[in-house]
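These are the residues of each chain, in order.
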Amino acid sequence: MTTPPPGLRERKKRATREALREAALRLAVERGPDHVRVDDIAEAAGVSPRTYNNYFASREQAIVSAVTADREARVAEAVAARGARTPLARAVTEAVVEQYTDTGGREREVLRLVTARGALREAFLDSSDAIAPPLTAVIAARPGVDGTATARVLAASVAAAVRIALEEWLRAPAGEGRAGGLVVPSGSLPDRLREALEPLAPALDAAERGGGRA
């Protein structure tokens, strides 16, 4: 079944969200995140602070969203695109690694901000939670998977594994608090993602064989 195109209201909402996250990132790069207020972002995007609050809970969330936006949907789409012939565990791992290792200029710009500020790091880590809902739908649609509850558990586990991999990658040096201080990414992010997801492989593949009944 073909998904109908979004209506005018939905397109306007998407455009507003896009304008806010673009303004947030631009101002953060120009001024530094600590010198950007919600009011500044709203003004730059041409909306009211009240409208801003309908889309983002903090300036950090908006800044991080400039690179994480729609990533959860892209992960789910990448899993679905691999088809039923690709084992579920492999499809999930490949999709996550693919979508989390983009080396585009914008990604590098935000990473520089994230590694230097604790609040941005937390917002970046929190963004991994958004993987679960769209991934649930994709897992539930796989042949052999029995039950939405099973798909929810597996998708939530994948999101948790991704967060752990990111935490390990952005681990603060010994003696430094998580709330501040420069963090240097440690090791290979693709390797950390694969290591974190590896323990889930048996459960993902068993569910696809009908072994994960809910």
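From a predicted model like this one, the values you see are computed outputs, not experimental measurements. (Residues numbered from 1 in each chain as written. Predicted model: local features only at pLDDT ≥ 70, side-chain atom pairs only at ≥ 80, totals over all residues. Heavy atoms only, no water.)

Draft legend 1. View of the pattern of salt bridges. Counted by the stated rule, this structure contains 17 salt bridges. Note that Glu30 is salt-bridged to Arg26, the shortest N-O span being 3.7 Å. Residue Glu30 and its partner Arg26 are both found in helix H1 (residues 8–31); the two are separated by four residues, about one turn of the helix. According to the relative accessible area criterion, Glu30 is exposed, its value standing at 54%. Residue Arg90 is joined to Glu94 by a salt bridge in which the shortest nitrogen-to-oxygen separation is 2.9 Å. (Salt bridge = Lys/Arg side-chain N within 4 Å of Asp/Glu carboxyl O. Helix = DSSP H or I, 4+ residues; strand = E, 2+ residues; numbered from the N terminus. Buried < 20%, exposed > 50% of the residue type's maximum accessible area, 1.4 Å probe, protein only.)

Draft legend 2. Seen up close, the packing of aromatic side chains. Applying the stated criterion across every chain, the model contains one aromatic pair. Judged by centre distance (6.0 Å) and plane angle (50°), the ring pair of Tyr52 and Phe56 falls under tilted. Here the basic side chain of Arg17 rests over the ring of Phe56, its NZ or CZ set 5.4 Å away from the ring centre. The side chain of Arg71 reaches across the aromatic face of Tyr100, ending 4.2 Å from its centre. (Phe/Tyr/Trp six-rings, centres within 6.5 Å; stacked < 30°, edge-to-face > 60°. Lys NZ or Arg CZ within 6 Å of the ring centre and 35° of its normal.)

Draft legend 3. Region of interest: the nonpolar core. Judged by nonpolar contacts, the single largest core of 61 residues is most densely connected at Val96 and Ile139. Of all the elements, helix H10 (residues 148–169) adds the most residues to this core, at 10 residues. The contact partners of Ile139, leaving out residues within four places of it in the chain, are Leu88, Val145, Ala151, Leu154, Ala155 and Leu204. (Core = buried A, V, L, I, M, F, W, Y, C linked by side-chain atoms within 4.5 Å. Contact = heavy atoms within 4.5 Å.)

Draft legend 4. Focus on the environment of Val97. Relative to the assigned elements, Val97 resides in helix H6 (residues 88–100). Residue Val97 is classed as buried on the basis of its relative accessible area, which comes to 8%. When the C-alpha atoms of Val97 and Arg194 are compared, they prove to be 7.4 Å apart, with 97 residues separating the residues in sequence.

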